[in-house]
Amino acid sequence: MKRRQIVAGNWKMNLNFQEGRDLASEIIRMIKPSNTLTVLCPPFVHLNHLSVLANGISNLEIGAQNCHQSSSGAFTGEVSAEMIKSVGANFVIIGHSERREYFNEDDELLAKKVDAVLANDLQPIFCCGEKLDVREAESHEALVQSQIEKGLFHLDSEAFAKVVIAYEPVWAIGTGRTASPEQAQEMHHFIRSLIAKKYGKSIASATSILYGGSCKPDNAVEIFSQPDVDGGLIGGAALKAKDFISILQSFPENL
Ligand code: 13P
């Protein structure tokens with residue numbers, strides 16, 4: 001089965017309502033029909049409006065950046081997966097390194113969030129990736145393996161088939177320092193082999209694995225040309241329509 005090419009924009013905590021509406025409208029104006037799925041992941045306040053804007057545009061979906069693990073209740077300030085689904089979004093980023101680092105989200109909690117996302121017919125974009133000291137100690141594969149096993153491997157095959165994985169080496173996020181195409185390929189291949197061992201080759205080869213970390217128009221072509229890289233999770237460059245569109249067009253067959 002051919003897996004899906006995906007480019008997702010993680011806007012993080014940027015852009016007020018008007019700015020977000022303008023950026024999404026510009027992206028929609030510039031987007032060309034292709035097989036690549038584009039996912040815009042803005043802050044919660046944009047979700048409803050962007051879902052309306054994206055309605056009827058093929059291969060464009062909207063996603064959230066986080067959700068609470070419970071379905072409802074006295075959790076002031078939180079947003080549930082069901083609420084996200086109700087405004088027309090179809091994806092949720094789970095386990096971004098900024099959530100792990102600044103909001104103390106651990107593997108056990110992330111496994112529950114993945115369950116909440118899937119229970120509401122949303123797709124998780126599950127993030128994994130090592131910090132610099134871990135890479136320097138050459139423990140990056142062991143760390144990513146543990147993040148994936150603890151966050152995802154409780155799922156049955158049917159549920160796992162809905163998961164998108166994003167490998168984001170923390171040392172490459174917002175630093176201007178990207179993983180080399182070889183480093184990305186090596187880790188993506190490793191992740192796919194873990195999935196194959198647990199769920200079989202066919203599910204492994206159908207799983208989209210995205211790269212994230214200082215992905216820009218000038219390096220996306222090389223990164224996306226790697227056989228196990230199925231697209232990107234884009235931070236800074238997703239805030240500029242031109243750059244984001246150029247990244248979207250960086251798959252070998254679109255050049
Ligand atoms: P940058 O592209 O800004 O490095 O951010 C990557 C990221 O964290 C996407 O989720």
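All values derive from a computational prediction rather than experimental measurement.

Trainee: Describe in detail empty space enclosed by the protein, supporting the description with residues and values.
Mentor: It is the rolling of a water-molecule-sized probe over the atoms that shows where space remains empty. Per the stated rule, a full pass over the model turns up 1 cavity of 30 Å³ or more. There is about 30 Å³ of room inside the largest cavity. If you go around the largest cavity, the residues you meet are Gly95, His96, Ser97, Arg100, Cys127, Cys128, Gly129 and Glu168. Of all the secondary structure elements, the ones that give two or more residues to the lining of the largest cavity are α4 (97-102) and β5 (123-128).

Trainee: Any chance you could break down the sheet that holds β5 for me, citing the residues and the numbers?
Mentor: Judged by pairing direction, the barrel is parallel, and its 8 strands sit side by side in the order β1-β2-β3-β4-β5-β6-β7-β8 before closing back on the first. With strand direction ignored, the average angle separating the axes of adjacent strands in the sheet is 25°. In this sheet, strand β8 (residues 231-234) lies alongside strand β1 (residues 6-10) in parallel orientation, the contact comprising 4 bridges. Bridged to valine 7 within β8 is glycine 232. On top of the sheet, helix α5 (residues 107-119) reaches β4 (91-94) and β5; it is set at about 160° to β5, its chief contact.

Trainee: I'd like to hear about helix α12 (residues 241-248), residue by residue, with values.
Mentor: Within the sequence span of α12, burial applies to Ala241, Phe244, Ile245, Ile247 and Leu248. What you see down the axis of α12 is that its buried residues fit within an arc of 160°, all on one side. Elements that come into contact with the buried residues of α12 comprise β1, α1 (17-30), β2 (37-41), α11 (217-224) and β8.

Rules used throughout
- Residues numbered from 1 in each chain as written.
- Predicted model: local features only at pLDDT ≥ 70, side-chain atom pairs only at ≥ 80, totals over all residues.
- Heavy atoms only, no water.
- 1 Å grid on protein atoms, 1.4 Å probe; cavity = no way out; pocket = protein on both sides within 12 Å on 5 of 7 lines; lining within 4 Å.
- Points joined across faces, edges and corners; volume = space filled by probe spheres on them.
- Helix = DSSP H or I, 4+ residues; strand = E, 2+ residues; numbered from the N terminus.
- Pairing = 2+ DSSP bridges.
- Axes fitted to C-alpha atoms, helices over the stretch in contact; angles between N-to-C directions.
- Contact = heavy atoms within 4.5 Å.
- Buried < 20%, exposed > 50% of the residue type's maximum accessible area, 1.4 Å probe, protein only.
- Arc of directions from axis to C-beta.

Shape descriptors only; they carry no functional weight alone.
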